[in-house]
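# Working through the structure, step by step
The residues making up each chain are set out below.
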Amino acid sequence: MNGAKRGFSSRLTRYGDEGFAAFLRDSFLRAGGHGPEVQGRPLIAICNTGSDYNPCHATAPQLVEAIARGVAQAGGTPFVFPTISLHESFAYPTSMLLRNLMSMDTEEMLRALPLDAAVLIGGCDKTIPAQLMGAISADVPTLSVAVGPMLTGTHRGERLGACTDCRRLWGEARTGRLSESELALAQDELMPTHGTCMVMGTASTMACISEVLGFMLPGGASIPAVHSGRLRHAEATGQRAVALATGGRPLPSQLVTRSSIRNACMTLQALGGSTNAVIHLAAIAGRAGLALDLDELDEIGKITPVLCDLKPVGRVYMQDFHAAGGLPALLRELMRGGVGFDGDTTTANGRTWAEVIEDWPDWSDPTVIRPAGDPVVPGQAISVLHGSLAPNGAVIKRAAMSGRLQSHEGPALVFENLEDLARRIDDPDLEVTEDHVLVLRNAGPIGAPGMPEAGSLPIPKKLAVRGVRDMVRISDARMSGTAYGAVVLHVSPEAAAGGPLALVRDGDRIRLDVPGRRIDLLVDEEVLWARRGNWSAPALPTRGYARLYATSVEQAELGCDFDFLTARHLPADD
Ligand code: FES
C-alpha cells in the first residue's frame, strides 16, 4: 500500500508532482463516467478472467456483476480489471508454461493499480494457483471466487463428466469398443454447462485449497457454476472484500503459514485430489517464504483417510460433493478423525475453521463424504517416492492405480520425448508387453518445456485392444487431475536437467515399490557414469518468455516457480 493513502489516492503515477498526478487521475475518472462519489470509498479491484478462449470461465461476467453488487451494498467502489486467462485446451504447448506469466500479471496489477482489496475470479486449472501466487507476493488483502464446477451430463442413462469420462470414452473409441457416432453423441454430454471440470481434478482441488487456506468464503469451492448460490457467494465475497479493505487484513502472508499449508496437504489427501496440486502448493508456499516438504506430505497421507468419493478416485461428481455438505463438511470429518487438522487457522470470513465447522449445517451425505473410519480406498491418496531414478522425488496417485502394480519390476521402454511417444506408441511392431515400464523423458519443466500433462502415457494400442488397462508409466511430466493409473510423475531432477531419467535405456530394469516409497533404476553406477559422459544438455530457447522460463524455472519439488519470484530465502515468520 502507498503509505496511509487509500483508494484512488493511493499509488499515484509518478510524474514528480503528486498534485498533478491526482488531478490527472481524477480527470480520467471523469472521462470514465464516474462522479465524485466514486472517491473516498473502499476501492475493490475485481479481476475478470472471462475470455472467449476460456469456456470454463464463461460465467465470469455474471460473477463480476454479483461481486460488484456486493461491494456496492457494503459501501465500496468496485473496479474491474483483466489479466491473462488460461484454459487447459486453448494453451499451446501447455497452460503450465504460462502459469508463472499469469502469476506475474496478477502480482504486478495488484501492485500497480490503486486498490484497497482485490477479488480474483479463477477456476480453470492454472488460474487459481497463478492468482494465489501473485496475491501472496503482492500481499494485498485478497479474496478468491471460483467460477465453480459444471453439472454432469447423461448418455444412455450413464452420468458423464469432464474430463475423467473424456479419457475413458476416448480410450474406448481408440480401441474400437465405442463407435465414432456414439462418441459424438456422448461428447455433447461431457461438458453440458459452463464451469470447470466437475470431477476432483486440478480445478476443483485448487478451489478447495484456496478455501482451506482462507482465500475463499467457506463452502465456496463446490457450488456449481450455474447454481444461483454461486452468484450469492460472489455477492457475499464482494461485501466481505469491503471489510478486508477497511481493516487492511488479513494479508495473504498472514494466511499462508506452516499450519495452513499442512492443513492444505491434509485436505488434498482427504479429497483424493490432483497430483498437480503438489506442484502448485509448493509454489504457493514458496511465495510465502516456506518450503513444501514432500516427505511431510507423504507422512500426512499416511494418517489422512481418503474421504471424498469423487472421480477419478471414487464414484461421483462436484455437484454431489456440494449437496453432501461441501468442503466444511469434509473438514469436520477430518477434525473428528483426529488426524491433526488445525482448526485455529483463519477462514476468509474472519472466523477460525473450528468456529465455521461448529456452525456448519450438521447434515452431510456419508456416501459422498465418508466418515473417517470408512474411507473410500484403503491407504493414502498421493504417495511420494524417492530412489535412484528420482533423487529429489516423484509422486504417484496411489488411490487411482491398479493395486497389483504397486510393487512391480520390469524392463524399460523409453520414449525420448513427446514426438517420439506420438510416433511409436500405437505402432503394431512396438515390442512391448504389459510388464514393461513405459518411460517418457524430456517432458519436464525445462525439457518439454512447461511440464505438460503427458505423464499418463496411453496404453500401447496393441495391448489396449487385448484389454490391458494399466501399466507402470514414469516421466518427468505431470498428469491431468482427472486421469488415473500406475503413473509415476514429476520425476526430479528432470531429464533435461541431467537427472537419472536421462540415462535410462530400453531394457534396463526398473523397480516400483509404492509401499516402500521407492522408484529405482537397477543399473550399476559405473554403467550410468559412462552413459552420463555421453549425455549433453538440450539447447535452450534464445529469446522471449520461453528463454526466461527455461533459464529460471525451478524443478517440480519446488513448484516450478521462477527462482526470482519465490521468497524462500526470506525468514519464515509464522
Ligand atoms: Fe477448465 Fe478442466 S478444462 S477446469
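Structure shown above.
Keep in mind that what you see is a predicted model, and the values were worked out from it rather than measured.

Taken together, the side chains of Tyr15, Phe20 and Phe23 define a hydrophobic patch exposed on the protein surface, amounting to about 340 Å² of accessible area. As for its position among the elements, Phe20 is in helix H1 (residues 18-31). Residue Phe20 is classed as partly exposed on the basis of its relative accessible area of 37%.

Inspection of the entire model under this criterion finds 0 disulfides. We note that Cys265 lacks a disulfide partner, and the nearest cysteine sulfur, in Cys208, lies 14 Å from it. Using a relative accessible area of 4% as the deciding quantity, one classes Cys265 as buried.

This brings us to the nonpolar core. In this structure, Ile261, Phe321 and Leu330 are the most contacted members of the largest nonpolar core, which totals 83 residues. Leaving out residues up to four positions away in the same chain, Ile261 has contacts with Leu213, Val256, Leu281, Ala285, Leu290 and Leu292. Val437, Ile474, Val488 and Leu521 belong to the second largest nonpolar core, which has 28 residues in total.

Let us look at the pattern of salt bridges. Using the criterion set out here, one finds 32 salt bridges in the structure. The residue Arg168 makes a salt bridge to Glu158 at a minimum N-O spacing of 3.0 Å. Placement of the pair is Arg168 in helix H5 (residues 164-174) and Glu158 in strand E6 (residues 158-160), with a sequence separation of 10 residues. Judged by its relative accessible area of 24%, Arg168 falls in the partly exposed class. Residue classification places Glu158 among the partly exposed positions, given a relative accessible area of 35%.

Burial along strand E10 (residues 437-440) is two-sided: Val437 and Val439 and Leu438 and Leu440, pointing in opposite directions, are all buried. One ladder, built from 4 bridges, connects strand E9 (residues 407-415) with E10; its direction is parallel. Bridged to Val414 within E10 is Val439. When E10 meets strand E11 (residues 472-475), the two strands line up parallel, connected through 4 bridges. If you follow Val439 over to E11, its bridge partner there is Ile474.

Attention now moves to the side chain of Arg370. In this structure, Arg370 sits in the loop between helix H15 (353-359) and strand E7 (382-387). Excluding anything up to four places from it in sequence, Arg370 contacts Leu307, Asp309, Glu333, Pro375 and Val376.

With 12 residues, helix H11 (residues 276-287) should reach 16 Å at 1.5 Å per residue; the first-to-last C-alpha distance of 17 Å fits that figure. Counting buried positions along H11 yields 12 of 12 residues, so the element is predominantly enclosed. Among the residues making up H11, those that are buried are Asn276, Ala277, Val278, Ile279, His280, Leu281, Ala282, Ala283, Ile284, Ala285, Gly286 and Arg287. Positioned one or two residues after H11, Gly289 has a phi angle of 80 degrees, which is positive.

What counts and how
Residues numbered from 1 in each chain as written. Predicted model: local features only at pLDDT ≥ 70, side-chain atom pairs only at ≥ 80, totals over all residues. Heavy atoms only, no water. Patch = residues over 30% accessible without salt bridge, like charges linked within 9 Å, V, L, I, M, F, W, Y side chains within 5 Å. Areas by Shrake-Rupley, 256 points an atom, 1.4 Å probe, with all protein chains shown as cover. Salt bridge = Lys/Arg side-chain N within 4 Å of Asp/Glu carboxyl O. Helix = DSSP H or I, 4+ residues; strand = E, 2+ residues; numbered from the N terminus. Buried < 20%, exposed > 50% of the residue type's maximum accessible area, 1.4 Å probe, protein only. Disulfide = S-S within 2.5 Å. Core = buried A, V, L, I, M, F, W, Y, C linked by side-chain atoms within 4.5 Å. Contact = heavy atoms within 4.5 Å. Pairing = 2+ DSSP bridges. Expected span 1.5 Å × (residues − 1).

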